[in-house]
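Now for the letters of each chain:
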Amino acid sequence: MRAYLGGFILLVLFCLGAFFLLVAPADVSGKDTELARFEWTATNSAPKAYPVRLLRGDLILADGSALYVPDNRTINHGWGVPGATHIVGEAEKAQPVNLSATWFSYVEDKFYTVDTQLPLDVIQGFAEKRIESPQRGTKHVFNRLIFGFGPEGEGAIWVSGHANAIDVFRFKGAEAPIEWTELIDNPDISRSDFISRVLDSTLGPQAAQDALRTGYQIGTWPRRQQRWTWDLSVTGAAEISLLKFAALNGEVFHFFNDLEPNVEHTRYGAPHEILIHWKGGAGQSRSATLTFDAGETLAAFEDLAATGDAITLHIELSESANALAVSLETADVIYEFEQVQTDIYSLD
């Protein structure tokens, strides 16, 4: 009986030891967190003005498993704007450590390919963060990875959640001699005709003609990805209830009433669009959408950044709450934007 009990105890201890080996992290010091799992999905993105065809987008995850960015489709819903998402596999999974992708840039008539390691620590760091909503004070998570593919082989990855998107990685694809039949295997449609048809359907007839006539200007897309250190200032509001900032580099932030971003950040892209809800001095509730001209905005930021002085993007709301002005300022220079489209609505 005693021998039987002793053997039974040894068997239990052995099983417990095996169990702990199976569930123990790869590194008990806490430095190796590659096996941590989070709930997230992958989606694609490409510029509105420069459609691409994503032929494939393969991901290797930290635990060795595989996933994919939804591919075999034409994309142009906007840089940093999420597109197709496929819900496959387990909801919680390891984060990606490698991206291998091939895409075709229609306006350039070029194929690109990339095989790159991804910054696991950065991506996972955001997955562990919580985003505070300025409106309700509730907490949300980054639960989406947006993979962007653009002209000149430009690529970016954003972590996204609760209408925020943060640029966490840039990659550069190389021009590749991919066979045209990899994109479409139809001898009845010429390469030029197919490109024209796609641009016509994605951009519209006039914009497609313009794109084919002028082509793509080298440096256009890398220039839009620049970031600078600058502050945001708003005057004339008794209270700001919402301020959403979308940048040319695809990032999207929300700001609290004190104009602190809800996600800690130090450098921002040039503005693409700003949405603001506020109350004027007399209690009028207003909403305004400011849409910036990319050329004017980039030129202004590049010129003022070259001075080396601190930069402030200033929004001045009128006393009546029915008008506003936008400027970019340093201690010695004030540039007043002239091509900002402003739409103001009453919320009363």
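For the structure, check the block above.
Thresholds, definitions, all that
- Residues numbered from 1 in each chain as written.
- Predicted model: local features only at pLDDT ≥ 70, side-chain atom pairs only at ≥ 80, totals over all residues.
- Heavy atoms only, no water.
- Helix = DSSP H or I, 4+ residues; strand = E, 2+ residues; numbered from the N terminus.
- Buried < 20%, exposed > 50% of the residue type's maximum accessible area, 1.4 Å probe, protein only.
- Polar contact = N/O pair within 3.5 Å; in protein donor to acceptor, adjacent residues only side chain to side chain.
- Contact = heavy atoms within 4.5 Å.
- 1 Å grid on protein atoms, 1.4 Å probe; cavity = no way out; pocket = protein on both sides within 12 Å on 5 of 7 lines; lining within 4 Å.
- Points joined across faces, edges and corners; volume = space filled by probe spheres on them.
- Nonpolar A, V, L, I, M, F, W, Y, C, P; charged D, E, K, R; others polar.
- Pairing = 2+ DSSP bridges.
- Axes fitted to C-alpha atoms, helices over the stretch in contact; angles between N-to-C directions.
- Arc of directions from axis to C-beta.
- Core = buried A, V, L, I, M, F, W, Y, C linked by side-chain atoms within 4.5 Å.
- Salt bridge = Lys/Arg side-chain N within 4 Å of Asp/Glu carboxyl O.

On to the side chain of glutamate 251, then. Within the secondary structure, glutamate 251 sits in the loop between strand 17 (239-247) and strand 18 (252-254). Glutamate 251 gets classed as buried once you look at its relative accessible area, which sits at 0%. Within polar-contact distance, the side chain of glutamate 251 engages the backbone nitrogen of aspartate 167 at 2.8 Å. When neighbours within four sequence positions are excluded, glutamate 251 is seen to be in contact with Trp158, Ala165, Ile166, Asp167, Arg227, Phe245, Ala246, His265, Arg267 and Gly269.

Note that tyrosine 345 resides in strand 25 (residues 341-346). Along the primary structure tyrosine 345 and histidine 277 are separated by 68 residues, whereas in three dimensions their C-alpha atoms are 9.4 Å apart. Other than its neighbours up to four places away in sequence, tyrosine 345 contacts Ser285, Arg286 and Ser287.

Before going further, it helps to spend a moment on empty space enclosed by the protein. With the rule as written, the count across this model stands at 1 cavity of 30 Å³ or more. For the largest cavity, the calculated volume is near 50 Å³. Lining the largest cavity, in full, are Trp40, Gln95, Ile123, Phe126, Ala127, Phe142, Arg144, Leu145 and Val159. Broken down by secondary-structure element, the contributors of at least two residues to the lining of the largest cavity are helix 2 (120-127) and strand 11 (144-149). The element that contributes the greatest number of residues to the lining of the largest cavity is helix 2, accounting for 3 residues. Of the residues contributing to the lining of the largest cavity, the split by class is 7 nonpolar, 1 polar and 1 charged.

In spatial order, the strands read 16-22-23-24; together these 4 strands make up an open sheet with mixed pairing. The sheet is open, and its two borders are formed by strand 16 (230-235) and strand 24 (334-336), each paired with just one other strand. Taken pair by pair, the neighbouring strands of this sheet meet at an average axis angle of 20°, ignoring direction. Summarising the sheet, strand 23 (residues 324-329) and strand 24 pair through 3 bridges and their orientation is antiparallel. Bridge assignment links glutamate 329 to a residue of strand 24, and that residue is isoleucine 334. Sheet contacts for helix 6 (residues 294-305): strand 16, strand 22 (311-317), strand 23 and strand 24; angle to strand 23, the most-contacted strand, approximately 40°.

Attention now goes to the layout of surface pockets. In this structure, the largest pocket encloses a volume near 590 Å³. Those elements giving two or more residues to the lining of the largest pocket turn out to be helix 5 (220-224), strand 17 and strand 20 (271-279). Here the residues of the lining of the largest pocket sort into 15 nonpolar, 6 polar and 5 charged.

Here we come to unusual backbone geometry. Notably, glutamate 152 is not glycine yet its phi reads approximately 60°, a positive angle. Relative to the helices and strands, glutamate 152 is located in the loop between strand 11 and strand 12 (154-161). Positive phi values are uncommon outside glycine, yet alanine 321 reaches one of about 65°. In this fold, alanine 321 is placed in the loop between strand 22 and strand 23.

So, about helix 2. Residue pairs spaced three or four apart in an α-helix point in one direction, given the helix's 3.6 residues per turn. Every buried residue of helix 2 is accounted for by Leu120, Ile123, Gln124, Phe126 and Ala127. The buried side chains of helix 2 occupy one side of the element, clustering within an arc of 160° when seen end-on. Those residues of helix 2 hidden inside the fold are in contact with strand 1 (38-39), strand 7 (96-105), strand 11, strand 12 and strand 13 (164-172).

By size, the foremost hydrophobic cluster in this structure holds 70 residues, and its most contacted members are Leu59, Phe147, Phe149 and Leu290. Ranked by size, the runner-up nonpolar core spans 25 residues in total, among them Ile146, Leu183, Ala208 and Val252.

On to the pattern of salt bridges, then. For the coordinates displayed, the defined rule picks out 10 salt bridges. Across the salt bridge formed by glutamate 175 and lysine 110, the nearest N and O atoms sit 3.9 Å from each other. In this pair, glutamate 175 is assigned in strand 14 (residues 174-175) and lysine 110 in strand 8 (residues 110-117), connecting sequence segments 65 residues apart. The residue arginine 223 makes a salt bridge to glutamate 302 at a minimum N-O spacing of 2.8 Å. Of this pair, arginine 223 sits in helix 5 while glutamate 302 sits in helix 6; the two residues are 79 residues apart in sequence, bridging distant segments of the chain. With a relative accessible area of 25%, glutamate 302 lands in the partly exposed category.

With that settled, the discussion passes to the side chain of serine 285. Along the chain, serine 285 turns up in strand 21 (residues 285-291). With sequence-adjacent residues up to four places away left out, serine 285 is seen in contact with Trp278, Lys279, Tyr345, Ser346, Leu347 and Asp348.

When a strand is regular, its side chains alternate between the sheet's two faces. Note that strand 17 and strand 20 share 8 bridges and pair antiparallel. Following the sheet pairing, leucine 242 is matched in strand 20 by histidine 277. Pairing of strand 20 with strand 21, which is carried by 7 bridges, proceeds in the antiparallel orientation. The residue of strand 21 that forms the bridge with histidine 277 is serine 287. Here strand 20 hands over to strand 21 after 5 residues, with glycine 283 in that stretch at a positive phi of 90°.

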